[in-house]
Amino acid sequence: RAVAMSVSHSSRLNKLVREQYMRLPQDGLVQVTYVWIDGSGEGGRCKTKTLDKEPKSIEDVPEWNFDGSSTAQAEGSNSDMFLVPVCMFRDPFCLDPNKLVLCEVLKYNRKPAETNLRHTCKKVMDLVKDSHPWFGMEQEYTLLGINGHPYGWPDNGFPGPQGPYYCGVGADKVYGRDIVESHYKACLYAGVKICGTNAEVMPSQWEFQVGPCEGIEMGDHLWMARFILHRVCEDFGVVATLDPKPMTGNWNGAGCHTNYSTEEMRREGGLKHIEAAIEKLSKRHDYHICVYDPRGGRDNSRRLTGHHETSNIFEFSAGVANRGASIRIPRQVGQDGYGYFEDRRPAANCDPYAVTEAIMRTTVLNETGVETTDYADH
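Residues numbered from 1 in each chain as written. Predicted model: local features only at pLDDT ≥ 70, side-chain atom pairs only at ≥ 80, totals over all residues. Heavy atoms only, no water.

1. Quick word on the overall build of the protein
Phase 1 of the analysis: The number of helices and strands found in the protein is 10 helices and 13 strands.
Phase 2 of the analysis: Along the first, second and third principal axes, the C-alpha set of the protein runs to 60 × 60 × 40 Å.
Phase 3 of the analysis: When each of the 378 residues of the protein is scored for burial, the buried share is 50%.
Phase 4 of the analysis: Within the protein, contacts between residues at least 6 apart in sequence are counted, and of these 67% link residues at least 24 apart.
Phase 5 of the analysis: In the protein, which carries 42 positive and 51 negative side-chain charges, the distance between the mean positions of the two groups comes to 2 Å. (Helix = DSSP H or I, 4+ residues; strand = E, 2+ residues; numbered from the N terminus. Buried < 20%, exposed > 50% of the residue type's maximum accessible area, 1.4 Å probe, protein only. Contact = heavy atoms within 4.5 Å. Lys, Arg positive; Asp, Glu negative; His and termini not counted. Charge placed at Lys NZ, Arg CZ, Asp CG, Glu CD.)

Have a look at this one:
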């Protein structure tokens, strides 16, 4: 007997009818969809306007505004927020010449909104640009039915224990590959620097990787990849959650492992610079835990238990090829003596701007303690 999957009503609409309209010519006009981060620090929002010609660079896209009182970013009595375009991509949903544009959010006084973490990240990345920091982030997520139950799991009960699902193949091993492959192609079309994907350890959990990206580009590309993921899932009628521990019990959580190197780490003999950076990170564990999820570590406390391929949230550790450590040095890097390392602590719902900024503050700008330096005055 076929099991009715829990998908949204809109996903059942006749998509062939939509295609009829999508093929209509635009007569030189262009749809630009502005994308921004809302007041939760986790959710994406978007709205679309028409431009009379295709923008060739981000400077060709005008500022816009939105109602911040409806996104938990402003009071109703003073609700207009500015959308400042910062990064442009091709639109994989409406196709060329249409665009997706990632924006920073500014308040009425032109100061960054509280969840605009890109603003300070950009300052820090400009300061450390001579070290040429490269990042690659591994975004884990879980597919849910519209009822909040993991997609493809039995309505009553659980699938078999973890083991056959990681990088699995077969209808009894993986759920939702159509979504994953559609997201991958959409990111490639858009110009997002997606570099891979795989099924994860928990059934209906997946991962995609973005990078290598230099500096501020890491946050820009990961946020757009997340937006595209949610938009693809909308078409299929399911939900992608970035909750770091969507299922309690003997199931893996979801992280956003962050791979990092500077130019000197990538050169011959770079291992000593990797080890020096890890030493700095070891002395600032509490600060990093606080910025590695949107709730000051509370989300990660459900995930970083020391089990299910995680480190303990209260302890810093590092090791070669150790997936139970805070910091993992890949085995190949240990053998070669240069390369990169992986910070396994960031939660799946982290803000990549906050994570990459924190790593640079600690390892290149040599900050210590839990306070951060405001470089605006320097």
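2. A short note on the nonpolar core
Phase 1 of the analysis: With 72 residues, the main nonpolar core has Y141, L143, V192, M224, I228 and F341 as its most contacted residues.
Phase 2 of the analysis: A per-element tally of this core places helix 4 (residues 217-236) first, with 10 residues.
Phase 3 of the analysis: Taken domain by domain, this core gets at least three of its residues from each of domain 1 (10-115) and domain 2 (125-364).
Phase 4 of the analysis: Contact partners of F341, with chain neighbours within four places excluded, come to T258, N259, Y260, M265, I274, A277, I278, L281, I327, R328, I329 and P330. (Core = buried A, V, L, I, M, F, W, Y, C linked by side-chain atoms within 4.5 Å. Domains from an automatic or database assignment.)

3. Considering the domain arrangement of the protein
Phase 1 of the analysis: Its domain assignment divides the protein into domain 1 (10-115) and domain 2 (125-364).
Phase 2 of the analysis: With centres defined by C-alpha atoms, the gap from domain 1 to domain 2 works out at 26 Å.
Phase 3 of the analysis: Contact residues are listed per partner, giving 20 residues for domain 1 and 22 residues for domain 2.
Phase 4 of the analysis: Both sides of the domain 1 and domain 2 interface together cover about 1800 Å² of buried area, and 67% of this is carbon and sulfur.
Phase 5 of the analysis: Of all residues in domain 1, the largest losses of buried area upon contact with domain 2 belong to E42, F89 and F93, amounting jointly to 34% of the total for that side.
Phase 6 of the analysis: Counting the contacts that link domain 1 with domain 2 gives 1 salt bridge.
Phase 7 of the analysis: The partner of R295 in a salt bridge is E42, and the shortest N-O contact between them spans 2.7 Å. (Buried area = accessible area lost by both parts, 1.4 Å probe. Salt bridge = Lys/Arg side-chain N within 4 Å of Asp/Glu carboxyl O.)

4. A closer look at the environment of M265
Phase 1 of the analysis: One can find M265 in helix 5 (residues 263-266).
Phase 2 of the analysis: When residues no more than four places from it in sequence are discounted, the contact partners of M265 are Y260, G270, H273, I274, A277, Y338, G339 and F341.

5. Quick word on the UniProt feature "domain: GS beta-grasp" (unreviewed entry) in the protein
Phase 1 of the analysis: On the UniProt side, "domain: GS beta-grasp" (unreviewed entry) is annotated at positions that read residues 30-110 here.
Phase 2 of the analysis: The distance from the first to the last C-alpha atom of residues 30-110 is 28 Å, and the span holds 0% helix and 48% strand. (UniProt positions renumbered as here; feature names shortened; annotations may be inferred.)

6. Looking at helix 10 (residues 352-363)
Given 3.6 residues per helical turn, the α-helix brings residues three or four places apart onto the same face.
Phase 1 of the analysis: Taking 1.5 Å of rise per residue, 12 residues should cover 16 Å, and helix 10 covers 16 Å from first to last C-alpha, within 8% of that figure.
Phase 2 of the analysis: Burial runs high along helix 10: 12 of the 12 residues are buried.
Phase 3 of the analysis: Residues of helix 10 that are buried include every one of P352, Y353, A354, V355, T356, E357, A358, I359, M360, R361, T362 and T363, and no others. (Expected span 1.5 Å × (residues − 1).)

7. Quick word on unusual backbone geometry
Phase 1 of the analysis: Each neighbour pair has its own omega, and for D96 with P97 the value is 10 degrees, a cis peptide bond.
Phase 2 of the analysis: Note that P97 resides in the loop between strand 4 (80-90) and strand 5 (99-106).
Phase 3 of the analysis: With an omega of -5 degrees, the peptide bond between G211 and P212 qualifies as cis.
Phase 4 of the analysis: One non-glycine residue, S204, lies in the positive phi region at around 75 degrees.

8. So, the pairing of strand 10 (residues 256-261)
Phase 1 of the analysis: Among the 6 residues that make up strand 10, 6 are buried, leaving the element largely enclosed by the rest of the structure.
Phase 2 of the analysis: Side chains of strand 10 alternate between two faces, with C256, T258 and Y260 and H257, N259 and S261 buried alike.
Phase 3 of the analysis: Bridge count for strand 6 (residues 134-144) against strand 10 is 6 bridges, and the pairing is antiparallel. Directly across from E138, in strand 10, lies its bridge partner H257.
Phase 4 of the analysis: Pairing geometry for strand 10 and strand 13 (residues 341-343), over 3 bridges, is antiparallel. Its bridge partner lying in strand 13, Y260 is registered against F341. (Pairing = 2+ DSSP bridges.)

9. A closer look at the sheet that holds strand 1 (residues 30-37)
Phase 1 of the analysis: Across the sheet, which stays open at both edges, the 5 strands sit in the order 2-1-5-4-3 with mixed pairing between neighbours. Across the chains shown, the open sheet's two edge strands, defined by having one partner strand only, are strand 2 (44-51) and strand 3 (64-67). Sheet twist, expressed as the average angle between the axes of neighbouring strands with direction ignored, equals 40 degrees.
Phase 2 of the analysis: Examined bridge by bridge, strand 1 and strand 5 share 4 bridges and lie parallel to one another. Paired with T33 across the two strands is L100, which belongs to strand 5.
Phase 3 of the analysis: Relative to strand 5, helix 4 is tilted by about 115 degrees, and along the sheet it contacts strand 1, strand 2, strand 4 and strand 5. (Axes fitted to C-alpha atoms, helices over the stretch in contact; angles between N-to-C directions.)

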